[in-house]
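Listed here are the chains, written in short residue letters.
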Amino acid sequence: MLAFLLIPFALAAVIGIFVLYPWGHDQKTGADLGFGQSPVNGEVISAGATSCSEGEAGQGCVQLAVKMQDGPRPNQTIEQVVPTDPGSPRFAVGDQVVLSYAGENPDDPTSFQVVDFQRGMPLTLLALVFAAAVLVLGRWQGLAALVGLGLSLVMLVGFVLPAILAGEDPLLVAVVGAGLIMFVVLYLTHGFSARTSTAVLGTMLSLALIGVLSAAFSAATSLTGLDENTSSLIGALGAPIDARGLLLAGIVIGALGVLDDVTVTQTSAVWELRAANPTLSWQQLYGAGLRIGRDHVSSAVNTLVLAYAGAALPMLLAYTLSGRTFGEIVSSQAVAQEVVRTLVGSVGLVAAVPITTAIAALVAVQEPAEQPGEEGAERAKKRRRPGKTDGR
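This structure is a prediction, so every number in the text was calculated from the model and none was measured. (Residues numbered from 1 in each chain as written. Predicted model: local features only at pLDDT ≥ 70, side-chain atom pairs only at ≥ 80, totals over all residues. Heavy atoms only, no water.)

1. Here's the deal with the overall build of the chain
Of regular secondary structure, the chain possesses 11 helices and five strands. By residue count, 36% of the 392 residues in the chain fall in the buried class. Split by element, the accessible area of the chain, about 22000 Å² in all, is 64% carbon and sulfur. (Helix = DSSP H or I, 4+ residues; strand = E, 2+ residues; numbered from the N terminus. Buried < 20%, exposed > 50% of the residue type's maximum accessible area, 1.4 Å probe, protein only. Areas by Shrake-Rupley, 256 points an atom, 1.4 Å probe, with all protein chains shown as cover.)

2. Brief notes about the UniProt feature "transmembrane region" (unreviewed entry) in the chain
What UniProt calls "transmembrane region" (unreviewed entry) maps, in this numbering, to residues 120-137, 144-165, 171-188, 200-221, 241-259, 300-322 and 342-365. The annotated region residues 120-137 carries 100% helix and 0% strand content, and the separation between its end C-alpha atoms amounts to 26 Å. Taken as a whole, residues 200-221 contains 95% helix and 0% strand, while its terminal C-alpha atoms sit 31 Å from one another. (UniProt positions renumbered as here; feature names shortened; annotations may be inferred.)

3. Quick notes on the nonpolar core
Within the largest apolar cluster, 57 residues are counted, with the highest numbers of intra-cluster contacts made by Leu6, Phe159, Val173, Met182, Val200 and Leu349. Excluding residues that lie within four positions of it along the chain, Val173 makes contacts with Leu20, Phe159, Val160, Ala163, Ile164 and Glu168. Counting residues in hydrophobic clusters, the runner-up holds 14 residues, among them Val62, Leu64, Phe112 and Val114. (Core = buried A, V, L, I, M, F, W, Y, C linked by side-chain atoms within 4.5 Å. Contact = heavy atoms within 4.5 Å.)

4. A short note on the sheet that holds strand β1 (residues 38-50)
Sheet strands associate in pairs through backbone hydrogen bonding, adopting either a parallel or an antiparallel arrangement. Reading across from one edge, β3-β2-β1-β4-β5 is the order of the five strands in this open sheet, with antiparallel pairing throughout. This sheet does not close on itself; its edge strands, each paired only once, are β3 (77-83) and β5 (112-117). Direction aside, the axes of adjacent strands within the sheet are offset by 45° on average. Bridge count between β1 and strand β4 (residues 96-101): six bridges; the pairing is antiparallel. Along β4, the bridge assignment pairs Glu43 with Gln96. (Pairing = 2+ DSSP bridges. Axes fitted to C-alpha atoms, helices over the stretch in contact; angles between N-to-C directions.)

5. Details of the confidence of the model for the chain
A residue-level look at the chain finds 88% of positions with pLDDT of 70 or above and a mean pLDDT of 81. Scored below 50 in pLDDT, residues 374-392 makes two contacts in the model with residues more than four places away or belonging to other chains. (pLDDT = per-residue confidence, 0-100.)

6. Thoughts on the packing of helix α1 (residues 2-20) against helix α3 (residues 170-190)
Interhelical geometry of α1 versus α3 gives an angle of 125° and a closest axis separation of 9 Å. Classified by the angle their axes make, α1 and α3 are oblique. For the crossing formed where α1 meets α3, the hand is left-handed. Packed against α1, whose contacting residues are Leu6, Phe9, Ala10, Ala13, Val14, Gly16, Ile17 and Leu20, the element α3 presents Leu172, Val173, Val176, Gly179, Leu180, Phe183 and Tyr187 at the interface. When the residues that make up the contact of α1 with α3 are grouped by side-chain class, the tally is 13 nonpolar, two polar and no charged. (Parallel < 35°, antiparallel > 145°, perpendicular 65-115°, else oblique. Left-handed = near helix turned anticlockwise from the far one by under 90°. Nonpolar A, V, L, I, M, F, W, Y, C, P; charged D, E, K, R; others polar.)

7. Considering the pattern of salt bridges
Under the criterion given, the structure shown has two salt bridges. As a salt-bridge pair, Arg119 and Asp116 come within 2.9 Å of each other at their nearest N and O atoms. For Arg119, a relative accessible area of 42% gives the class partly exposed. For Glu338, the salt bridge identified is with Arg341, shortest N-O distance 3.3 Å. Of this pair, Glu338 and Arg341 are both found in helix α10 (residues 333-364), three residues apart, which corresponds to roughly one turn of the helix. (Salt bridge = Lys/Arg side-chain N within 4 Å of Asp/Glu carboxyl O.)

8. What to know about the pairing of β1
In this structure, β1 lies alongside strand β2 (residues 61-68), joined through eight bridges in antiparallel fashion. Across the sheet, the residue bridging to Ala49 is Val62, located in β2.

9. Details of α1
An ideal rise of 1.5 Å per residue puts 27 Å on 19 residues; α1 measures up with 27 Å between its terminal C-alpha atoms. In the core, the buried residues of α1 are packed alongside α2 (120-165), α3, α4 (194-220) and α10. (Expected span 1.5 Å × (residues − 1).)

10. A few points about the side chain of Ser197
The topology assignment puts Ser197 in helix α4. Ser197 sits in the buried class, given a relative accessible area of 11%. Among the polar contacts made by the side chain of Ser197, one reaches the side chain of Tyr187 at a distance of 2.8 Å. Residue contacts for Ser197: discarding those within four places in its chain leaves Leu2, Leu6 and Tyr187. (Polar contact = N/O pair within 3.5 Å; in protein donor to acceptor, adjacent residues only side chain to side chain.)

Here you go:
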């Protein structure tokens, strides 16, 4: 039954990849679109207070001597004057920085501009710490989860972004990409089983509900999706991109990760309840699983709301100082799209609990019940060396 329900959708996702992928599309580069700034790494070797322009009194800027590590003038030093106002980063001696090179005369210091810090090494270290933590706790399943994470990133960078830039419908691209990510990651991480298939089916139905609600309420609230970044992107591309579809695509992809957590947890809870008491009927399994899900979904919804609020904190601060009323702030384009994103995603999370629990209960009662911890005990028995007894 599960295969009959899921295989057509898996095939549709694979076919959608081949249909929507921009085969032969000649995507313009950043230089073609006016984003021709090339990054150059460098190190600040001296810094001193100076005026921001020649002949001007005061010390409102800092003069930096930056030794370039790569680019058109490696190992050469250039002078840069950067402001020290509160809205600009502070640079000091020893900082590893990134300069923006305009691609013009490399001997002209004005062709370069200090724009950011180098963050490659600490980010790599953090990624290694994260991977180690996942492997220590999850072991082989943790390794599978890391591989699944890598495949998700490959899908986003290799399919979703190029297809949208080529002019394909963003919502359709997001649905196809999210569907394939869901199938690959869940089965890779949790294995091929009725339990995993139940989680996939629950995720798919909840994601479909989120897509329908987001499309309906973005139209009802007249959301255009045209924030500052989207408008700049569309203007630079010079090609039509459905801004509202881009907003909906972000909602679908953003909700997928949290949905996976809810559906897998609910499915596992129902299977463990079944193992603990094989005499439970599907109605009793459903009721017990639903009680577990209520606690889970309440924390998950709070996590989703706080995550979106944290990401939009600078914008919320700016609106707070604007003197506008709460109703005016919430109904503005920038805030309203975050409200729709949060509430639609929360509705999908809430719906995922009864949907997944009901499917899991119906499927679990059809399978032979295992004893609690039976799988772990079996693995421990296989690891035990021949001839070694428990008392030794």
